[in-house]
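# Notes for the structure review
The lines below spell out each chain.
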Amino acid sequence: MEKLSVLTVSLFLIGGISWFFFGKKKDGESLSDEDSLRKKEEIELDISGMHCAGCAAGIEGTLRNLPGIISVSVNFATSKGYIEYDASRITKEDIVERIRQLGYDASLNLEESEKKRNG
């Protein structure tokens, strides 16, 4: 019986943490209204200081809740972040600064950005 209660509490905590990082809906955003007004851009960042996949998930969850962020994918294994954002609502510098506020270092991957632009 004790193991069942520990399992129940553990699942509850995991669910709460998952909701915190991934379940929040951005207020006031409707995709159909904003799609035509977005100035969509993509960046690839080098992110250092991550120690585990949880660090990557935390960065993703935090960025996902910023106004203007469309999609985020942070890969712990490659130390890369791929962010699609609305440039009329948020800047690259704001994104990098937010990652730094979380305690990680982030910089633009200029070589990859140039490859995408030129070809």
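Above: the structure in question.
Residues numbered from 1 in each chain as written. Predicted model: local features only at pLDDT ≥ 70, side-chain atom pairs only at ≥ 80, totals over all residues. Heavy atoms only, no water.

It is worth spelling out the pattern of salt bridges at this point. Applying the stated rule across the entire model yields 5 salt bridges. Across the pair Glu60 and Arg64 runs a salt bridge whose closest N-O atoms are separated by 3.8 Å. Here Arg64 and Glu60 lie together in helix α3 (residues 53–64), a separation of 4 residues that amounts to about one turn. A residue is classified by how much of its surface remains accessible, and Glu60, at 14% relative accessible area, is buried. Since its relative accessible area comes to 27%, Arg64 is described here as partly exposed. (Salt bridge = Lys/Arg side-chain N within 4 Å of Asp/Glu carboxyl O. Helix = DSSP H or I, 4+ residues; strand = E, 2+ residues; numbered from the N terminus. Buried < 20%, exposed > 50% of the residue type's maximum accessible area, 1.4 Å probe, protein only.)

What follows covers the packing of α3 against helix α4 (residues 92–101). Interhelical geometry of α3 versus α4 gives an angle of 135 degrees and a closest axis separation of 11 Å. Judged on the interaxial angle alone, α4 and α3 are oblique. In the packing of α3 onto α4, the handedness of the crossing is right-handed. Contact residues: α3 offers Ile59, Thr62 and Leu63, while α4 offers Ile95, Arg98 and Ile99. Here the residues of the contact of α3 with α4 are counted per class, giving 4 nonpolar, 1 polar and 1 charged. (Axes fitted to C-alpha atoms, helices over the stretch in contact; angles between N-to-C directions. Parallel < 35°, antiparallel > 145°, perpendicular 65-115°, else oblique. Left-handed = near helix turned anticlockwise from the far one by under 90°. Contact = heavy atoms within 4.5 Å. Nonpolar A, V, L, I, M, F, W, Y, C, P; charged D, E, K, R; others polar.)

Generally speaking, a soluble globular protein has its nonpolar side chains buried in company with each other. Residues Leu45, Ile47, Ile83, Ile95 and Ile99 are the most contacted members of the largest nonpolar core, which totals 20 residues. At 4 residues, α3 tops the list of elements feeding residues into this core. When sequence neighbours within four positions are dropped, the list of residues in contact with Ile47 reads Ile59, Val74, Ser79, Lys80, Gly81, Ile99, Tyr104, Asp105 and Ala106. (Core = buried A, V, L, I, M, F, W, Y, C linked by side-chain atoms within 4.5 Å.)

To continue, consider the environment of Ser48. Within the secondary structure layout, Ser48 lies in strand β1 (residues 40–48). Residue classification places Ser48 among the partly exposed positions, given a relative accessible area of 39%. Sequence spacing of Ser48 and Ala106 is 58 residues, and the spatial spacing of their C-alpha atoms is 6.4 Å. Apart from the residues lying within four places of it in its own chain, the contact partners of Ser48 are Tyr104 and Asp105.

Next up on the list: α3. With 12 residues, α3 should cover 16 Å at 1.5 Å per step; its first-to-last C-alpha distance of 16 Å lies within 8% of that length. Taken residue by residue, α3 has Cys55, Ala56, Gly58, Ile59, Glu60, Gly61, Thr62 and Leu63 as its buried positions. (Expected span 1.5 Å × (residues − 1).)

As a further point, take α4. Among all positions in α4, only Ile95, Val96 and Ile99 are buried. Along α4, the residues classed as buried sweep out an arc of 95 degrees about the axis, all on the same side. The exposed residues of α4 that point more than 90 degrees off its buried face are Glu93 and Gln101. Close packing links the buried residues of α4 with β1, α3, β2 (69–75), β3 (80–86) and β4 (105–108). A positive phi of about 105 degrees marks Gly103, the residue just after α4. (Arc of directions from axis to C-beta.)

This is a description of form; function is not addressed.
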